[in-house]
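Residue-level structural notes
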Amino acid sequence: MNRANSARERFPYAGEVELPAELNGWEKMYPEYFCFELTDDRTDYERDQFWFWDKKDSTDPILPWDMTISAQAWQIAMAQNTSRVFAIPPSMAVDIRVIAGYVYFSGIQVEDEELLEDRAEIFTERSEYYYENYEALYNGTWLPAVKEIGSKIQSLEVPEELPEYVPEDVITEAKGQSTRTLQILENYNRLTELVLEGWQRHFEFLYLAYLAYMQFTETCRELFPNISDDAIGKMVSAVEADVFRPDQELDKLAQNAVDLGGDVPEIVKSDAEPDEKIDRLRESEDGQAFMELFEDAKDPWFYMTYGDGFHSHKGSWIDDLEAPFNHLKTKVERLEDGEPLGRDFDKLQAERDEIVDEYRQYLDSSEQEQFDHAYETCMSIYEYAENHQFWIENWLHTIVFGKMREFGQLAVNHGLLADADDIFLFDRFEVAELLEETCNTWALGRGAFVSERWQSRVEERREIFEGAQDWDPSPALGNPPETVTDPLMQMLWGITTEKVNDWLDVESDDGDGSELNGFGSSSGQVEGRARVVSDAKDISKLEEDEILVASLTDPAWAPVFPRAKGAVTDDGGITSHAAIVCREYGLPAVTGTGHATSAIDTGDLVRLDGESGEVEILEKAT
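About the thresholds
- Residues numbered from 1 in each chain as written.
- Predicted model: local features only at pLDDT ≥ 70, side-chain atom pairs only at ≥ 80, totals over all residues.
- Heavy atoms only, no water.
- Helix = DSSP H or I, 4+ residues; strand = E, 2+ residues; numbered from the N terminus.
- Rg over C-alpha atoms; globule rule 2.2 N^0.38 Å.
- Buried < 20%, exposed > 50% of the residue type's maximum accessible area, 1.4 Å probe, protein only.
- Contact = heavy atoms within 4.5 Å.
- Areas by Shrake-Rupley, 256 points an atom, 1.4 Å probe, with all protein chains shown as cover.
- Lys, Arg positive; Asp, Glu negative; His and termini not counted.
- Charge placed at Lys NZ, Arg CZ, Asp CG, Glu CD.
- Expected span 1.5 Å × (residues − 1).
- Bend = angle between axes of the 7 residues up to and from the residue.
- Pairing = 2+ DSSP bridges.
- Axes fitted to C-alpha atoms, helices over the stretch in contact; angles between N-to-C directions.
- Parallel < 35°, antiparallel > 145°, perpendicular 65-115°, else oblique.
- Left-handed = near helix turned anticlockwise from the far one by under 90°.
- Nonpolar A, V, L, I, M, F, W, Y, C, P; charged D, E, K, R; others polar.
- 1 Å grid on protein atoms, 1.4 Å probe; cavity = no way out; pocket = protein on both sides within 12 Å on 5 of 7 lines; lining within 4 Å.
- Points joined across faces, edges and corners; volume = space filled by probe spheres on them.

**Observations regarding the overall build of the protein chain**
Along the protein chain, the regular secondary structure elements total 22 helices and 12 strands. Computed over the C-alpha atoms, the radius of gyration of the protein chain is 26 Å, within 12% of the 25 Å expected from 2.2 N^0.38 for a compact globule of 622 residues. Each principal axis of the C-alpha distribution contributes one length, and for the protein chain these read about 85 × 70 × 55 Å. Residue burial in the protein chain is summarised as follows: out of 622 residues, 58% are buried. Pairs at least 24 residues apart make up 72% of the contacts formed inside the protein chain by residues separated by at least 6 positions. Put simply, the protein chain shows about 26,700 Å² of open surface, and 43% of that area lies on carbon and sulfur atoms. One finds the centroid of the 53 positive side-chain charges in the protein chain at a distance of 3 Å from the centroid of its 131 negative side-chain charges.

**Considering helix 4 (residues 134–155)**
An α-helix turns once per 3.6 residues; consequently, residues spaced three or four apart project the same way. Compared with the 32 Å implied by 1.5 Å per residue over 22 residues, the 30 Å span of helix 4 between its first and last C-alpha is a close match. In the structure, helix 4 departs most strongly from a straight axis at Trp-142, where the bend amounts to approximately 30° and where the proline Pro-144 lies between one and four residues downstream. Looking at the buried side of helix 4, the elements it contacts are helix 3 (113–132), helix 6 (180–202), helix 15 (365–381) and helix 16 (384–413).

**A look at the pairing of strand 9 (residues 564–569)**
For strand 9, a buried count of five out of six residues is recorded, marking the element as mostly surrounded by other parts of the structure. Across two bridges, strand 9 lies against strand 10 (residues 589–591) in parallel orientation. Looking across to strand 10, one finds that Ala-567 is bridged to Ala-589.

**Looking at the sheet that holds strand 4 (residues 476–477)**
Spatially, 2-3-1-4 is the arrangement adopted by the four strands of the open sheet, whose pairing is antiparallel. Sheet topology places strand 2 (91–99) and strand 4 at the edges, where each strand pairs with a single neighbour. Strand direction decides the pairing type here: strand 1 (residues 51–53) and strand 3 (residues 102–109), joined by two bridges, are antiparallel. Bridging across to strand 3, Trp-53 finds its partner in Tyr-104. Along the sheet face, helix 2 (residues 71–85) touches strand 2 and strand 3 and points at about 165° away from the line of strand 2.

**Here's the deal with the packing of helix 7 (residues 206–223) against helix 15**
When two helices pack together, their arrangement is captured by the angle between the axes and the distance separating the axes. Following both chains from N to C, one finds helix 7 and helix 15 inclined at 155°, their axes separated by 8 Å at the closest point. Viewed along their axes, helix 7 and helix 15 adopt a mutual orientation that is roughly antiparallel. The handedness of the crossing between helix 7 and helix 15 comes out as left-handed. Judged by residue contacts, Leu-208, Ala-209, Ala-212, Tyr-213, Phe-216, Thr-219, Cys-220, Glu-222 and Leu-223 of helix 7 engage Glu-367, Gln-370, Phe-371, Ala-374, Tyr-375, Thr-377, Cys-378 and Ile-381 from helix 15. For the contact of helix 7 with helix 15, the per-class residue count stands at 12 nonpolar, three polar and two charged.

**Quick notes on the sheet that holds strand 8 (residues 546–550)**
Read from one edge of the open sheet, eight strands run 5-12-11-7-8-9-10-6, paired in mixed fashion. Every other strand in the sheet has two partners, leaving strand 5 (515–517) and strand 6 (519–522) as the edge strands with one partner each. For this sheet, the mean inter-axis angle between neighbouring strands, taken without regard to orientation, is 30°. For strand 5 and strand 12 (residues 614–619), the ladder comprises three bridges, and the chain directions are antiparallel. When the bridges of strand 12 are listed, Glu-515 appears paired with Glu-616. Along the sheet face, helix 21 (residues 577–584) touches strand 6, strand 9 and strand 10 and points at about 40° away from the line of strand 6.

**Here we look at helix 16**
Helix length check: helix 16, at 30 residues, gives a terminal C-alpha distance of 42 Å against a target of 44 Å (1.5 Å per residue), a fit within 8%. Along its length, helix 16 shows its largest kink, about 35°, at His-397. Downstream of helix 16 by a residue or two, Gly-415 has a phi angle that is positive, lying close to 85°.

**Notes on the layout of surface pockets**
Of the pockets and cavities examined, the largest pocket occupies roughly 870 Å³. If you go around the largest pocket, you meet 36 residues; those closest to its centre are Trp-53, Thr-59, Ser-551, Asp-570 and Thr-597. If you list the elements that add at least two residues to the lining of the largest pocket, you get helix 18 (453–470), helix 20 (497–507), strand 7 (525–533) and helix 22 (596–599). In terms of residue class, the lining of the largest pocket is built from 14 nonpolar, 11 polar and 11 charged. When its volume is computed, the second largest pocket comes out at roughly 520 Å³. Along the walls of the second largest pocket sit 23 residues, with Gly-342, Lys-347, Tyr-585, Gly-586 and Leu-587 positioned nearest its centre. Secondary structure elements with two or more residues in the lining of the second largest pocket: helix 8 (229–235), helix 14 (345–360) and helix 21.

Here it is in structure tokens:
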């Protein structure tokens with residue numbers, strides 16, 4: 001496509017974006033740094049950059065406190081990883097801004113040849129060390145460190161309520177004053193420090209994993225000019241990553257339910273609420289045996305969030321057992337019908353080895369050495385592309401959100417908030433102020449004046465946030481590059497020159513929208529009725545042989561994949577989580593179509609080609 005033929009040649013600048021009236025005042029909800037066009041010089045800088053909506057990580061607006069674990073944590077940790085730690089030659093960093101809770105990224109490239117050479121030398125030395133020592137570094141240092149961060153957060157003490165009078169030991173041990181108020185402030189500050197420390201760990205191996213895959217891809221394309229992305233993807237499938245363990249644990253529990261027999265399968269399959277199922281299971285010996293296995297699996301594998309992991313309001317399995325019990329119901333039914341539960345690891349592994357052997361035999365010995373080096377490097381670290389998803393976005397975030405609710409409940413019990421979850425409507429600096437005011441109010445003694453201003457702001461911000469959820473932001477801002485050359489933008493976010501041109505056409509309403517193009521991320525050609533899922537909790541509505549259409553697919557959706565015939569996503573490149581998970585479950589998929597969820601309606605008859613990346617709407621639902 002020639003951009004000159006597009007109705008528009010650029011996207012709106014941030015200051016030109018027309019926001020609905022409900023979003024007035026959204027800027028006060030987020031740290032100033034992340035707002036566009038604060039000053040003239042900054043506006044000039046921003047208008048020279050191309051900004052794209054980070055739908056790979058979140059398609060929803062982020063609540064103010066949740067921004068702590070997204071934009072705020074990312075800006076330092078992600079940027080320094082590429083600029084200062086590994087010195088990835090062409091990718092200096094990513095700058096971040098926010099509009100009404102939606103996060104926009106802009107890549108900063110390195111163009112100076114001398115600097116590129118310096119960075120290449122540093123990158124080669126440092127990346128090779130990590131590639132060669134990944135297993136020891138990951139299992140010996142990274143994972144224990146992340147678990148320790150989670151354990152420290154869990155151990156932070158947050159009182160439900162400050163006491164009427166300080167305990168006697170304050171007097172008998174000459175402690176001087178109440179330490180409880182200081183402890184609250186210290187522990188909140190410690191929590192935010194540990195959160196940011198966790199996100200430093202998040203990026204530690206991440207881009208090295210993606211770059212190893214990119215290097216392997218380039219090697220394959222050099223050695224096999226006609227190889228498809230799907231074939232390359234299959235060569236790195238059968239990943240034994242922890243993000244798949246929750247589904248595997250549910251598989252084992254479903255098999256246990258069937259093996260135990262008695263009334264266990266019937267209770268698991270019943271439509272009762274989770275608490276009622278648990279109570280009924282505990283009434284029988286078989287049920288108690290099942291519940292012991294269930295409890296063993298919960299920690300850590302039920303620390304899966306509903307959604308992408310960045311939204312406190314979506315909750316987690318460990319706090320709401322509806323999803324795991326729904327998945328168990330389906331799995332028990334499939335076992336009883338003699339149907340497979342889902343991911344067949346042995347089959348995937350056999351297919352992977354077969355395709356690698358097939359392509360490898362076409363090479364001479366020198367080429368085989370080149371192929372083997374790229375392949376072994378990729379496979380040595382590729383699991384991290386998914387492992388971090390479980391341990392940071394799901395396990396750690398579940399712990400963080402739980403601890404934040406304890407601080408929220410403290411503010412509720414002292415009259416400053418009405419609901420513990422209201423605390424997420426304030427950014428991390430405002431929460432420090434809220435907690436200090438909570439302590440101030442207590443210090444003033446019984447009957448002290450309690451300001452209603454926090455609750456008033458909660459009401460205002462909730463309305464703004466709800467307005468933001470209903471708003472459809474522009475996929476990008478500013479002047480797009482003539483060609484998208486950043487490899488990470490292409491592979492992770494699925495942003496290519498063609499995609500940007502597509503967005504411009506969609507913005508101008510050209511085209512009938514019946515054909516979409518994306519990345520062929522998991523092979524297979526299928527046809528079926530679409531099920532558009534816009535909220536993680538609606539995933540259970542997916543019916544047998546429907547084609548799942550979503551902005552992204554989340555790891556927590558894996559248990560329902562056996563019901564799907566295929567998947568189409570708005571976002572994500574060939575190394576996105578959506579693409580990897582679909583390949584692991586053998587689900588034909590096209591990722592990164594840009595606007596599938598707006599072009600396709602539930603009930604539409606859709607055909608997708610998981611190799612070419614083409615999606616066609618054959619018939620609209622009536």
